[in-house]
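Structure at a glance
Now for the letters of each chain:
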Amino acid sequence: MATIAAAALRRLLTRPARWPEHDRQRSPAAAPSLTVPADPLPPPAPTGAEPALAFQRCGVTFQGPHGPVEAVRDVTLAVGRGEFVSLIGPSGCGKSTLLRLAADVIAPTTGTVSVLGRPPAEARRARDFCVVFQDPVLLPWRTVESNVWLPLEIARWPAARRRERALELIHLVGLTGFERARPAQLSGGMRQRVAIARALALQPSLLLMDEPFAAVDELTRDRLNDELLRIWERTGAAVLFVTHSLEEAVYLSDRVVVLTRRPGRVAADLAIDLPRPRSRELKRSERAFHLMSRARMALEDASQ
């Protein structure tokens, strides 16, 4: 996980600079002194019916110490714009590998990946997506506020706009009053909320979330699930969410995709027809129980 986070952070730091639209006329001299490549940004994402994320017959094979290791095979999967899709499957089945493909951390051995109708490398340069890791990967010497505005600083937003956007996001994730706190002064759940706020800073169209609540207790996870749904409904971003919790997957998602044991393939794609907005009482409903049972049966079959 640390390797994935480090690779993503290196890519973040090499993104080309872009001024927010409403500040384009301001002098670049007002921006922080950062060394950022001046390569032109890709054109805006296509606005047609392309999904937020699409894997087309994707396979990934790594070279292991004892020979090739096939991580995923022939995966075809799409996440619609504004859709919430969860991935579940046995440990080591390739869930995080699919997120790494989408995030342009690795390339597929076979098949293609597209984000908003274009290759992941172009989508990354255009800041169309962001990743939320299991580890929040916060900079310990920065405050909550300055951790949240880090992507905006790299993108050369003026200081006043950075602070305005950071405070807006801190309020959105329920951390008002902790703007000047350091990560070491926060609970695990609070640190993860900072990471989510930072991921939303540049208004991505796609969030890639790799077991973001795995390290917190069950009650904290429930609260964070509720907050994530509220944030998702407010932002309209598509989400691909990796989890080992069937209850979490069913509660959050529009669809739950089940992967087989390695090499990971799509074993089932289950529509979750629970009404929105969702509440914790819904988890105890007969329909939710039925959907969790279907997901469990699909997972048991996929694990054989």
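Above this text is the structure in question.
Described in the following lines is the structure provided in the data block. Keep in mind that what you see is a predicted model, and the values were worked out from it rather than measured.

Notes on the packing of aromatic side chains
Across all of its chains, the model carries three aromatic pairs by this definition. Ring geometry for F84 and W232: centres 5.6 Å apart, planes at 85°, overall edge-to-face. Here W232 lies in helix α8 (residues 218-235) and F84 lies in strand β3 (residues 84-88), a separation of 148 residues in the sequence. W232 matches F84 in its accessibility class, with the two residues each being buried. Centre to centre, the rings of F84 and F241 are 5.7 Å apart; their planes meet at 45°, and the pair counts as tilted.

A closer look at the pairing of strand β8 (residues 255-259)
Of all five residues in β8, five are buried, a share of seventy percent or more. Residues of β8 alternate between two faces, with R255, V257 and L259 on one and V256 and V258 on the opposite face, all of them buried. Two elements, β3 and β8, share four bridges in a ladder whose sense is parallel. Bridged to V85 within β8 is R255. Across five bridges, the pairing between β8 and strand β9 (residues 266-271) is antiparallel. Pairing of V257 across the sheet is with D269, part of β9. In textbook terms, the turn of a hairpin is the stretch between consecutive antiparallel strands, and for β8 and β9 this stretch comprises six residues.

A look at the environment of R127
Structurally, R127 can be placed in the loop between α3 (120-125) and β5 (129-132). Owing to a relative accessible area of 5%, R127 belongs among the buried residues under this scheme. In this structure the C-alpha to C-alpha distance between R127 and Q203, which are 76 residues apart in sequence, comes to 8.5 Å.

Details of the nonpolar core
Judged by nonpolar contacts, the single largest core of 39 residues is most densely connected at V148, M209 and F241. For this core, the elements supplying multiple residues, two or more each, are α4 (144-148), α6 (159-172), α7 (188-199), β6 (206-210), α8, β7 (238-242) and α9 (246-252). A total of six residues in this core trace back to one element, the largest contributor, which is α7. Counting residues in each nonpolar core, the second largest holds 33 residues, with V60, L99, L116 and A123 among its members.

What about the sheet that holds β7?
The sheet built from six strands is open, its strands ordered β5-β6-β7-β3-β8-β9 with mixed pairing. The open sheet is flanked by β5 and β9, the only strands paired with a single partner. Averaged over all pairs of adjacent strands, the angle between their axes in this sheet comes to 15°, without regard to strand direction. Of the strand pairs in this sheet, β3 and β7 are connected by four bridges, and their pairing is parallel. Bridge pairing links F84 to V239 in β7. With respect to the sheet, α7 is in contact with β5 and β6, its orientation differing from that of β5 by roughly 170°. Contacting β3, β8 and β9, helix α10 (residues 286-302) crosses the sheet at an angle of about 175° to β9.

Thoughts on α8
In an α-helix, one turn spans 3.6 residues; hence positions three or four apart end up facing the same way. In this model, α8 (18 residues) spans 25 Å end to end at C-alpha, consistent with the 26 Å of a helix rising 1.5 Å per residue. All of the buried residues in α8 are T220, R221, D222, L224, N225, E227, L228, L229, I231 and W232. Capping the start of α8, D217 holds a side-chain oxygen 3.1 Å from the backbone nitrogen of L219, two or three residues further along. Trailing α8 by a residue or two, G236 shows a phi angle of about 75°, which is positive.

Quick word on the sheet that holds strand β4 (residues 110-115)
Read across the open sheet, the three strands follow the order β2-β1-β4; overall the sheet is antiparallel. Two strands close off the open sheet at either side, each with one partner strand: β2 (67-79) and β4. Strand after strand, the sheet turns through a mean of 30° between neighbouring axes, direction not considered. Of the pairings in the sheet, the one linking strand β1 (residues 53-64) to β2 comprises nine bridges and is antiparallel in character. Note that in β2 the partner of V60 across the bridge is V72. Relative to β1, helix α2 (residues 95-102) is tilted by about 115°, and along the sheet it contacts β1, β2 and β4.

How each quantity is defined
Residues numbered from 1 in each chain as written. Predicted model: local features only at pLDDT ≥ 70, side-chain atom pairs only at ≥ 80, totals over all residues. Heavy atoms only, no water. Phe/Tyr/Trp six-rings, centres within 6.5 Å; stacked < 30°, edge-to-face > 60°. Helix = DSSP H or I, 4+ residues; strand = E, 2+ residues; numbered from the N terminus. Buried < 20%, exposed > 50% of the residue type's maximum accessible area, 1.4 Å probe, protein only. Pairing = 2+ DSSP bridges. Core = buried A, V, L, I, M, F, W, Y, C linked by side-chain atoms within 4.5 Å. Axes fitted to C-alpha atoms, helices over the stretch in contact; angles between N-to-C directions. Contact = heavy atoms within 4.5 Å. Expected span 1.5 Å × (residues − 1). Polar contact = N/O pair within 3.5 Å; in protein donor to acceptor, adjacent residues only side chain to side chain.

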